Amino acid sequence: MKSVEYPSRYAVRKRYAQRVAFWLFRFFSLFIAFILFAILGFIIYKGAGVLSWDFLTKAPSDGMTSGGIFPAIVGTLCLMAGSAVVAFPIGIMSGIYMSEFASKGWVVKFIRLMTNNLSGVPSIVFGLFGMALFVKYLNFGDSILAGSLTLGMLSLPLVIRTTEEALKDIPDSMREGSLALGASKLQTIWRVILPMGMPRIITGLILSLGRVSGETAPILFTCAAYFFPQLPTSIFDQCMALPYHLYVLSTSGTDMAAQQPIAYGTALVLIVIILIINLLSGALRRYFENRLK
Amino acid sequence: MKKFFEAIVRGVLTCSGFVTSLVILLIIGFLFTEGAGLFNEPMVEEGYVLALNKENDVSSLTAEQIKAVFDEDIVNWKEIGGRDMPITTFRLEDVERYFTVEELGSEYEHVGMCIASLIARSPGMIAFVPQSMLPADAEVRYIDDSTISLSEVFAGTEWFPTATPAPLFGIVPLLAGTLWVSLFAILFALPFGLSVAVYMSEVASERMRSVLKPVIELLNGIPSVVYGFFGLIVIVPLLQQGFNLPVGESGLAGSIVLAIMALPTMITVAEDAMRSCPRSLREASLALGATRWQTICKVVIPSSMSGITSGIVLGIGRAVGETMAVLMVTGNAAIIPTSIVEPLRTIPATIAAELGEAPAGGAHYQALFLLGVILFFITLVINMSVEYISSRNKYKLR
């Protein structure tokens, strides 16, 4: 006769612990998702009523208590473009160097250490630095140029790292195949490595633009204007920017009650830009992945 | 020709490789030169002097003493090492209290002489006046003109950059505020961060993961100013009602917002670390009869401890350097915090709030750059420790 084996009390307890722990984890994870949706939902709910064609295409008026945010949108786009011009070429080249040229050794280690350190530097320190170097020392004044350079420096580590990681993941057989066919190293990079790495590089670049669009601290003292209703005409002009505009609207000003709807609208536009950027990079990633298959 | 071209391209690529190092050097250079200038600044506002009666034997005062004297917290000279007599303070604005317009002259041409005579006849007086105004032969003594000292800055407990006659640049309250709010942020974020990281790497189904991953990415992508705005509009009033606070802008609001902002970094890094725990380790543990939970606790987490620590430390780094959100929700009172529900002020928020108003090149401006240097070094230390922690792990796995 077979005896029925009951699970020991220890076994019961360990199953029980597991169940409790996993439920707790699930709860925490859902809570974090809830936080995100609370923030997004709140801003969309409050801001959606403010959005209109006029809001998007008119300059602020009446001491920022009415009118739109067109100059701030344009300013933010200018800064994104400017920082891209600064950071992308240098960052991509640096990433290529790190992945393809740098001999494994202290040089790579050193550069990687510096890149990591740079990515950890707080944005306000970039602001101070940009002000000291570009605004004061090089005498660009508060300008789109100074702001773009500062933001470009800030996004450099991100660009470098995505490029490097994208290229690192390409199997060595590709490089060897190309070299074996008699291509030079540069030809290999240009014809084989870069095209293969491009999808991931591009998604990384787009994400870095998203980061740039929301940065406030670096442009506080290098570029952002409190109120500059006309559009910038050259890179030596100041400009308004969405994040700074949101900051100003929600912390200072003449009529807080009248400003608040505009602040919601500004936050919504900023969030929408970030959402578009994130979705775009996700969609691109999937598109390229499918094409590779 | 082709060789030559390749050499050039190679050179350009090599140079661009060192750009980040160059930027770091430039940051250090520019911040340092501006920040170190603070210690060459005179303690009293440039061009001004503190004049005393000839009889008074006090010759030097610290910035804190000067401030206390002019705030009338110190009212007798014996408290600061002088003789027993009451202190009368005199600022330029007070001149019309002592003299009539006729005495001063129609274009105030006699102001200097009037003040000098006033000081000469009132033994307990300390006067804060422009140096150029007093006649060279005035019968007065001056407080020794010393520069701002290291100890006043690094051990000073008061941050009063706009105080006259002597601004106070004690960074202790700001440093304490930064660390205090970051500490609580990490305490709040830790349980969430670790649970989510474990959940995503070990427990969640592929579908759940594909939902959570973008959520974390988006949380990371939301600009800090939007977090600040949300904190200001939603969290601050909630806390004010919930804890019955006089003001809702407090360290607590700051640390909640910072916790949310530090989460994505923490989760991503810790999750990556746990996912890269070798499958064989997991399988060995399960094969020995351990449950998944036991495997996670006893195998996966210990073996990926260095990655998890890196994630936490990076989260701290993010919290320490965060500017806008903190600036908007912490209330910005430069006092050494004693509890988490009162307003406090962090280093980055101070820089952001005050740099716009500080005249370029002045002591205040340089003090803010010094704060930048300190912040830079804090984050440098944090980054270096992350490097150290993760390099140690690689060694162990081999």
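Basis of the calculations
- Residues numbered from 1 in each chain as written.
- Chains lettered and ligands numbered in written order.
- Predicted model: local features only at pLDDT ≥ 70, side-chain atom pairs only at ≥ 80, totals over all residues.
- Heavy atoms only, no water.
- Buried < 20%, exposed > 50% of the residue type's maximum accessible area, 1.4 Å probe, protein only.
- Helix = DSSP H or I, 4+ residues; strand = E, 2+ residues; numbered from the N terminus.
- Contact = heavy atoms within 4.5 Å.
- Pairing = 2+ DSSP bridges.
- Axes fitted to C-alpha atoms, helices over the stretch in contact; angles between N-to-C directions.
- Salt bridge = Lys/Arg side-chain N within 4 Å of Asp/Glu carboxyl O.
- Core = buried A, V, L, I, M, F, W, Y, C linked by side-chain atoms within 4.5 Å.
- Buried area = accessible area lost by both parts, 1.4 Å probe.
- Polar contact = N/O pair within 3.5 Å; in protein donor to acceptor, adjacent residues only side chain to side chain.
- Nonpolar A, V, L, I, M, F, W, Y, C, P; charged D, E, K, R; others polar.

Caption draft 1: Structural context of helix α6 (residues 111–121) of chain B. Taken together, the buried positions of α6(B) are occupied by B:V111, B:G112, B:C114, B:I115, B:A116, B:L118 and B:I119. In the core, the buried residues of α6(B) are packed alongside β1 (48–53), β2 (88–91), α4 (95–98), α5 (101–104), β3 (125–130) and β4 (140–142) of chain B.

Caption draft 2: A look at the sheet that holds β2(B). Residue and element names in this part refer to chain B. Taken in spatial order, the four strands make up an open sheet running β2-β3-β1-β4, and their pairing is mixed. Of all strands in the sheet, those bounded by a partner on one side alone are β2 and β4. Ignoring which end each strand starts from, the neighbouring axes of this sheet average 30° apart. The pairing of β1 with β4 spans three bridges and is antiparallel. When the bridges of β4 are listed, N53 appears paired with V140. This element, helix α3 (residues 63–70), spans β1, β2 and β3 of the sheet and lies at about 95° to β2. The strands touched by α6 within the sheet are β1, β2, β3 and β4, with β1 carrying the most contacts at an inclination of about 40°.

Caption draft 3: The environment of B:I119, seen in detail. With respect to the helices and strands, B:I119 occurs in helix α6. In this structure B:I119 touches B:A51, B:L52, B:N53, B:M125, B:A127 and B:V140, once residues within four positions along its chain are discounted.

Caption draft 4: A look at the pattern of salt bridges. The full count for this structure, using the stated rule, is 15 salt bridges over all chains. A salt bridge links A:D54 to A:K58; the nearest nitrogen and oxygen atoms lie 3.3 Å apart. A:D54 sits in the partly exposed class, given a relative accessible area of 42%. For A:E164, the salt bridge goes to A:K168, with nearest N and O atoms at 3.1 Å. With A:E164 and A:K168 both in helix α6 (residues 144–168) and four residues apart, the pair spans about one turn of that helix. Exposure remark for A:E164: the relative accessible area of 7% places this residue in the buried category. Owing to a relative accessible area of 38%, A:K168 belongs among the partly exposed residues under this scheme. What emerges from the salt-bridge pattern is a single network uniting B:R209, B:K213, B:E271 and B:R275.

Caption draft 5: A look at the environment of B:P264. Residue and element names in this part refer to chain B. Inspection of the secondary structure assignment puts P264 in helix α11 (residues 251–275). Note on P264: relative accessible area 1%, which makes it buried. In this structure, P264 is in contact with I216, L219 and N220, ignoring residues within four places of it in sequence.

Caption draft 6: Fine view of the nonpolar core. Ranked by internal contacts, the top residues of the largest apolar core, which has 189 residues, are A:Y247, B:I27 and B:Y227. It is helix α17 (residues 363–397) of chain B that provides the largest number of residues to this core, a total of 16 residues. Setting aside residues up to four positions removed in sequence, A:Y247 forms contacts with A:L220, B:V225, B:M324, B:L327 and B:M328. In this structure, B:V58, B:A68, B:M85 and B:A166 belong to the second largest nonpolar core, which totals 21 residues.

Caption draft 7: Focus on the interface of chain A and chain B. Between chain A and chain B, the residue contacts involve 78 residues of the former and 76 residues of the latter. Taking both sides of the interface into account, the surface hidden between chain A and chain B amounts to around 6,900 Å²; carbon and sulfur atoms contribute 81%. Three residues stand out in chain A for area buried against chain B, namely A:F25, A:I32 and A:L128, and they jointly supply 9% of the buried area on that side. Joining chain A to chain B, the criterion identifies eight residue pairs in polar contact (both at pLDDT 80 or more). When residues of the side of chain A that touches chain B are assigned to their parent elements, the largest contribution, 23 residues, is made by helix α1 (residues 9–48) of chain A. Taken together, the residues of the side of chain A that touches chain B sort by class into 57 nonpolar, 16 polar and five charged.

This is a description of form; function is not addressed.
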